[in-house]
Amino acid sequence: MFDWNDLRYFLELQRSGRLLTAARRLNTTHATVARHIEAIEKSLGTALFVQHAQGYELTPAGETLLKHAEAMENVALLAQEDITQSSAPLGKIRLGVTEGLGIMFLASRMDGLFQRYPGLEVELVAVPRFVSILNREAEISIHLERPAADLLVTRKLTDYSLALYASQAYLDRSPALRSREDLARHAWIGYVDDLLFSQELMFLNSFCRNPRVVFHSTSVIAQQQAARSGLGIAVLPCYMASGDPALVPLLPDETIRRSYWISTRRELHKSVRLRVLWDYVVQLCEREQGLLLP
């Protein structure tokens, strides 16, 4: 039988795709990673990876081993937490989240978690795209749409409101804005349509049939900054823009509602450190309903 310790190196190379990256994450050398991979391949009598210019990819045999290696890793993590961390969870947990919620809402509200669990380490992956749990990019992920995968535990995290905002400088030099009918005469700020990672972000037409978009960005934070500078009207989450002194809310009756969903892999849902972060985020959103849904 192969050495079970070799699976650590196998999993890290599969996740990172490169020997040097895997070695850095394991605090060792690329030669050591390669040696452990060679050892497990020799024991099993088959190649587990093929090397391309983009990095290492699993062979069919590697794909088969991956399922068992991940299951063994999860059992080891749960055993460690049950024995050593039930009273004071320690260790690292990664949360993948959309850019706006992660940077403009969660990042400034995590102090209560670390006051209670000072040994916890959180990696916040806040990016304008979908963060995959199944591909091990994160242990917990927050989405704009409900994931359909059977391997996940999912619940609605919260609803949130979006509204229209612009700078006072823009409003001073632009046509009067008194009703929805006036919106067609204004400049808009929006997403790059062919790079949208969720159909839930296609909301400009909810306000204006043919909006004249002058500035596009994949980043909602860039859109907020563009609105602050006076480029036009932006549709922004209220939790981001309602407290921004550089922005003026427009047409208060013209709002839309969207939802966030929180997910994790089914076998990790009992993890102590995962539950600590999961419960904190859920309770935080429950407390902040006045900001999320003003």
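Residues numbered from 1 in each chain as written. Predicted model: local features only at pLDDT ≥ 70, side-chain atom pairs only at ≥ 80, totals over all residues. Heavy atoms only, no water.

If you check an unreviewed UniProt entry, the chain appears there as LysR family transcriptional regulator from Pseudomonas viciae. According to the UniProt record, the Sequence similarities (unreviewed entry) comment for the chain is "Belongs to the LysR transcriptional regulatory family." (UniProt positions renumbered as here; feature names shortened; annotations may be inferred.)

All right, on to the pairing of strand β10 (residues 248-265) then. In this structure, strand β5 (residues 140-143) lies alongside β10, joined through four bridges in antiparallel fashion. The residue of β10 that forms the bridge with H143 is W261. In terms of strand pairing, strand β6 (residues 152-166) meets β10 through 14 bridges, oriented antiparallel. Bridge pairing links A163 to T255 in β10. (Pairing = 2+ DSSP bridges. Helix = DSSP H or I, 4+ residues; strand = E, 2+ residues; numbered from the N terminus.)

In this structure, H30 sits in helix α3 (residues 30-44). Between the alpha carbons of H30 and L20 there is a distance of 5.3 Å; along the sequence they are ten residues apart. Not counting chain neighbours up to four residues away, the residues in contact with H30 comprise L19, L20 and A23. (Contact = heavy atoms within 4.5 Å.)

Soluble globular proteins tend to pack their nonpolar side chains together in the buried interior. Counting 61 residues, the largest nonpolar core has L101, L106, I142, L157, L164 and W188 as the members making the most contacts within it. With nine residues, helix α10 (residues 272-287) is the single largest residue contributor to this core. In terms of domain composition, this core takes at least three residues from each of domain 2 (91-159 + 260-292) and domain 3 (160-257). Counting 20 residues, the second largest nonpolar core, distinct from the first, contains Y9, F10, L26 and I37. (Core = buried A, V, L, I, M, F, W, Y, C linked by side-chain atoms within 4.5 Å. Buried < 20%, exposed > 50% of the residue type's maximum accessible area, 1.4 Å probe, protein only. Domains from an automatic or database assignment.)

Let's shift gears to the side chain of S161. Positionally, S161 belongs in strand β6. Judged by relative accessible area, S161 falls into the buried class, the value being 9%. Sequence-distant contacts of S161, that is, excluding residues within four places in its chain, are made with L236, P237, C238, I256, L292, L293 and P294.

Counted by the stated rule, this structure contains eleven salt bridges. Note that R265 and E70 form a salt bridge whose closest N and O atoms lie 3.5 Å from each other. Here R265 is found in strand β10, whereas its partner E70 is found in helix α4 (residues 60-84), with 195 residues between them in sequence. The pair R265 / E70 is uniform in exposure class, with both members buried. (Salt bridge = Lys/Arg side-chain N within 4 Å of Asp/Glu carboxyl O.)

Geometrically, a packed helix pair is captured by the angle between its two axes and the distance between the axes. The geometry of helix α1 (residues 6-16) relative to helix α2 (residues 19-26) is characterised by a closest axis approach of 8 Å and an angle of 125° between their N-to-C directions. Considering the angle they form, α1 stands oblique to α2. Along this stretch, α1 crosses α2, giving a crossing that reads as right-handed. Between α1 and α2, the contacting residues are R8, Y9, E12, L13, R15 and S16 on the first element and L19, T21, A22, R25 and L26 on the second. Considering only residue class, the contact of α1 with α2 consists of five nonpolar, two polar and four charged. (Axes fitted to C-alpha atoms, helices over the stretch in contact; angles between N-to-C directions. Parallel < 35°, antiparallel > 145°, perpendicular 65-115°, else oblique. Left-handed = near helix turned anticlockwise from the far one by under 90°. Nonpolar A, V, L, I, M, F, W, Y, C, P; charged D, E, K, R; others polar.)

In this structure, I221 sits in helix α8 (residues 220-229). Under the relative-accessibility criterion, I221 is labelled buried at 18%. Separated by 169 residues in the primary sequence, I221 and H52 have C-alpha atoms spaced 36 Å apart. If we ignore the near neighbours within four places in the chain, the residues touching I221 are E99, I103, M104 and M240.

Attention now goes to the sheet that holds strand β9 (residues 233-237). Strand order in the open sheet formed by eight strands is β4-β3-β5-β10-β6-β9-β7-β8, and the pairing between neighbours is mixed. In this open sheet, the two strands that pair with only one neighbour each are β4 (120-127) and β8 (212-216). The average angle at which neighbouring strand axes cross in this sheet is 30°, direction not considered. Lying on the sheet, α10 is in contact with β3 (91-98), β4, β5, β6 and β10; it crosses β6 at an angle near 35°.

In the Ramachandran plot, N27 falls in the positive-phi region, its phi being about 60° despite a non-glycine side chain. Structurally, the position occupied by N27 is in the loop between α2 and α3. Look at L251: it is not a glycine, yet its phi comes out positive at around 45°. Secondary-structure assignment places L251 in strand β10.

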